[in-house]
Amino acid sequence: SDDRNNGYINSIVDSFKKNSEAKSEDLNVNELRKRYPYINFGENSRACYDPTGGVIMADKALKCVQDLSVRFGVKIRDGDRVVSIIHDKQKVEVHTDSGRRYLAKSCIVCTGPWASQLLSKLGF
């Protein structure tokens, strides 16, 4: 952050300080410039470095979960908009806008940003 008093960065640093087992470094602008000379930092820059942190590539992670799911018998149906879900203790019935009807003991519906529209119909 370019703001030394950035509440978000401060809360991260404070969180690490509260956990004696957590490893982190609170880096000021001089430390940042030394460590990352290819980045142009502002005079009041500050960062929190977490050596245990990392990046997850969402597309690759999703592909891995899908591949494993298929291996264990899951059927994935992409691109078929769900219009209703009827469920009871024994089954789930999913209806799509293409007219398809899926019946199963359970299901996972990955709606993305449309979750609230669909889940509100189910009382969630």
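Everything that follows concerns the structure shown earlier in this document.
Note that the coordinates shown come from a computational prediction; the quantities given were computed from them, not determined experimentally. (Residues numbered from 1 in each chain as written. Predicted model: local features only at pLDDT ≥ 70, side-chain atom pairs only at ≥ 80, totals over all residues. Heavy atoms only, no water.)

Q: It is not clear to me how the overall build of the chain should be interpreted in this structure. Could you clarify?
A: Scanning the chain for helices and strands turns up 4 helices and 5 strands. Overall, the chain shows an N-to-C arrangement of helices and strands of α-β-α-β-α-β-β-β-α. Relative to the globule expectation of 14 Å for 124 residues, the C-alpha radius of gyration of the chain, 23 Å, shows a markedly less compact shape. Overall, the C-alpha framework of the chain stretches about 60 × 30 × 30 Å when taken along its three principal axes. A buried classification covers 14% of the 124 residues belonging to the chain. (Helix = DSSP H or I, 4+ residues; strand = E, 2+ residues; numbered from the N terminus. Rg over C-alpha atoms; globule rule 2.2 N^0.38 Å. Buried < 20%, exposed > 50% of the residue type's maximum accessible area, 1.4 Å probe, protein only.)

Q: Would you mind showing me how to read the pairing of strand β4 (residues 92-96) here?
A: Both faces of the sheet carry side chains from a regular strand, because those side chains alternate between them. The buried fraction of β4 is high, at 4 of 5 residues. Between strand β3 (residues 82-87) and β4, which pair antiparallel in sequence order, lie 4 residues. Across 4 bridges, β4 lies against strand β5 (residues 101-104) in antiparallel orientation. Opposite Val92, over in β5, you have Ala104 as the bridge partner. As consecutive antiparallel partners, β4 and β5 are separated by 4 residues, and within that stretch Gly99 has a phi angle of approximately 95°, a positive value. (Pairing = 2+ DSSP bridges.)

Q: Could you clarify how one ought to interpret the packing of aromatic side chains in this entry?
A: Centre distance and the angle of the planes are the two values used to describe a pair of aromatic rings. For the structure on display, the rule yields 1 aromatic pair. A centroid spacing of 6.3 Å and a plane angle of 85° characterise the contact between Tyr36 and Tyr38, whose relative ring orientation is edge-to-face. Since its relative accessible area comes to 66%, Tyr38 is described here as exposed. Cation over ring: Arg35 sits above Tyr49, and NZ or CZ is 5.2 Å from the ring centre. (Phe/Tyr/Trp six-rings, centres within 6.5 Å; stacked < 30°, edge-to-face > 60°. Lys NZ or Arg CZ within 6 Å of the ring centre and 35° of its normal.)

So far we have only geometry, and geometry alone does not tell us how the molecule works.
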